[in-house]
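Reading the structure
Each chain is listed here by its residues.
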Amino acid sequence: MANNWTEAQINEIVASVLKQINGSASALAPWDATSYGGRKFIGIFADMNDAIAAANEGYKAVRAMSVAEREKLITVIREMTREEAEVMGLLGVAETKMGRADHKKAKHCLVADKTPGTEDIEPSVCTGDHGLTLTEMAPFGVVGSITPSTNPSETVICNSIGMIAAGNGVVFNPHPNAIATSNYAVDLINRASAKVGGPKVLVASVVKPTLETAQIMYKSPLIRLLVCTGGPGVVKAVLSSGKKAIGAGAGNPPVIVDDTADIAKAAKDIIDGCTFDNNLPCIAEKEVFVFDNVADELIAGMMRNGCYKLTLAQANELAKIVLNEVKNDKGQVKHVVNRECVGRDAKVILAKMGITVGDDIRCIIAEVPFEHLFVQEELMMPILGIVRVKNIDEAIDLACKAEHGNRHTAHMHSKNIDNLSRFAKAVETTIFVKNAPSYAGIGYGSEGHTTFTIAGPTGEGITSARSFTRRRRCVMVDKFHII
Ligand code: NAD
């Protein structure tokens, strides 16, 4: 007999089952794409056209705000993000089944603390015999933003802060597998707006995002800029839209460890970075190239930091579990990640091959040849392929090949500045981290601002408010030059 349960009721049951299995879900209230704990989300529309129209009204309201008013709003967004970081972390894990709630909480706090606001929008002035020329960073209008499942609410909030600071409106087409978490964040921005007397709907999203709703976004004349954070398919689609677009695409970050590195520290840093949110961040360490003469020491260090080492035969077996083979249009075999394994705990992945380990195991490592799928594919799982190399020439050559020309992120552990400089120059990545975990590249435990939209393909890099602006010039000839 068919039952008439609502999505919210089903989620309540799921939450209660999760609560029994895992105490971490106990803090969650019932949720779905349009509500949390009975609170109806603001700014979520059934029709993308309505969402775009609402975001356009939000844009008009932002345009009417002074910079100080925008900054006040952003301050409230920061406060609320910190207050609700734990809930969003738990919700992200409960909905996507990926990542770690404690790390997701930390990512939200990072967004709250280190996403630049209006201070990032700096005018420049040029004066001389012929007067004064002013250049200002102006908004585009309504931004259409496509967001991933891996950092869903983090990206919505980070994008919103930067885009609003720049004076834009924004409408989201979030990842369907993270729609409740993403729409929770959209609602948070709108609740913040209400607190400072801003519009009821400042930013907008949809109940059911699809490729079709993304197409509506691409074609709408109200959308002046597209910002896409995701894998190669969606970045390509957005860059082919005919609109101005910012593309933040896939990476496969290699790590080189040479024989001058502090090997114990390198081992800990690599495993800390690789296992952060179970390897979901696009910047996380994905494969290691280590000098042969320090490889045993590095692996021993990793084992002291919660790793389980597979034999090559076991690594081959696991590769068949975590990757599926598909044929493309030309009949070529490609590998796609098994979504049942992406962002899962190491012990859950190991259990799929009949290996039982405790919670102390946070990463799976294996010595593999360069051609192995653990090196070549962006798994987004706490699995690290390790390749032995003879010297720095071989390390740089193989690491650059494994990065596949994404020019996204690379890491190195070394005290030899020649080696560090050579790799940094050769790999040409947007982010290059030396002697630290990968998350140092987005300002976590390091200097510099943060972002969850790292735009390598289109060159904006570590995006911030100024990335979402257009330069406008105002010229006064022969006047306003006062000396
Ligand atoms: P994904 O590529 O599966 O999806 C991203 C978004 O695009 C989703 O909203 C999805 O529904 C949509 N989408 C997919 N194909 C589309 C198409 N053809 N047209 C319109 N929309 C489409 O992303 P994911 O699995 O959630 O995220 C992981 C990927 O994103 C990884 O490759 C990761 O490296 C990358 N990523 C990059 C950054 C960065 O800043 N560069 C940040 C996070 C994730």
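Examining the overall build of the protein chain
Within the protein chain one finds 16 helices and 23 strands. Its C-alpha atoms give the protein chain a radius of gyration of 23 Å, near enough to 23 Å, the size a compact globule of 483 residues would have. Dimensions of the protein chain along its principal axes, counting C-alpha atoms only, are 75 × 70 × 45 Å. Here the protein chain holds 483 residues, and the buried ones make up 55% of them.

A short note on the environment of Ile 121
Inspection of the secondary structure assignment puts Ile 121 in the loop between helix H5 (101–114) and strand S5 (124–128). For the pair Ile 121 and Ala 138, spaced 17 residues apart in sequence, the C-alpha to C-alpha distance is 8.6 Å. Among all residues touching Ile 121, those that are not within four sequence positions of it are Met 137, Ala 165, Ala 166, Ala 465, Arg 466 and Thr 469.

Some points on the sheet that holds S5
Pairing is antiparallel across the open sheet formed by three strands, whose spatial order is S5-S6-S23. This sheet does not close on itself; its edge strands, each paired only once, are S5 and strand S23 (469–477). Averaged over neighbouring strand pairs, the angle between their axes works out to 15° when direction is ignored. Pairing between S5 and strand S6 (residues 131–139): five bridges, direction antiparallel. Looking at S6, one finds that Gly 128 is bridged to Gly 131.

Observations concerning a positive patch on the surface
The grouping of Arg 63, Arg 224, Arg 470 and Arg 472 at the surface amounts to a positive patch. Along the polypeptide, Arg 63 turns up in helix H2 (residues 48–64). Judged by relative accessible area, Arg 63 falls into the partly exposed class, the value being 47%.

Remarks on the sheet that holds strand S2 (residues 35–36)
The three strands are arranged S1-S2-S3 in an open sheet whose pairing can be described as antiparallel. The open sheet terminates on both sides in strands that have one partner only, identified here as strand S1 (31–32) and strand S3 (39–40). Bridge count for S2 against S3 is two bridges, and the pairing is antiparallel. Bridge pairing in S3 links Tyr 36 to Arg 39.

Quick look at the side chain of Thr 118
In this fold, Thr 118 is placed in the loop between H5 and S5. Residues contacting Thr 118, with those up to four places away along its chain left out, are Val 67, Arg 70, Glu 71, Ile 74 and Ala 165.

Scoring rules and cut-offs
Residues numbered from 1 in each chain as written. Predicted model: local features only at pLDDT ≥ 70, side-chain atom pairs only at ≥ 80, totals over all residues. Heavy atoms only, no water. Helix = DSSP H or I, 4+ residues; strand = E, 2+ residues; numbered from the N terminus. Rg over C-alpha atoms; globule rule 2.2 N^0.38 Å. Buried < 20%, exposed > 50% of the residue type's maximum accessible area, 1.4 Å probe, protein only. Contact = heavy atoms within 4.5 Å. Pairing = 2+ DSSP bridges. Axes fitted to C-alpha atoms, helices over the stretch in contact; angles between N-to-C directions. Patch = residues over 30% accessible without salt bridge, like charges linked within 9 Å, V, L, I, M, F, W, Y side chains within 5 Å. Areas by Shrake-Rupley, 256 points an atom, 1.4 Å probe, with all protein chains shown as cover. Salt bridge = Lys/Arg side-chain N within 4 Å of Asp/Glu carboxyl O. Lys, Arg positive; Asp, Glu negative; His and termini not counted. Charge placed at Lys NZ, Arg CZ, Asp CG, Glu CD.

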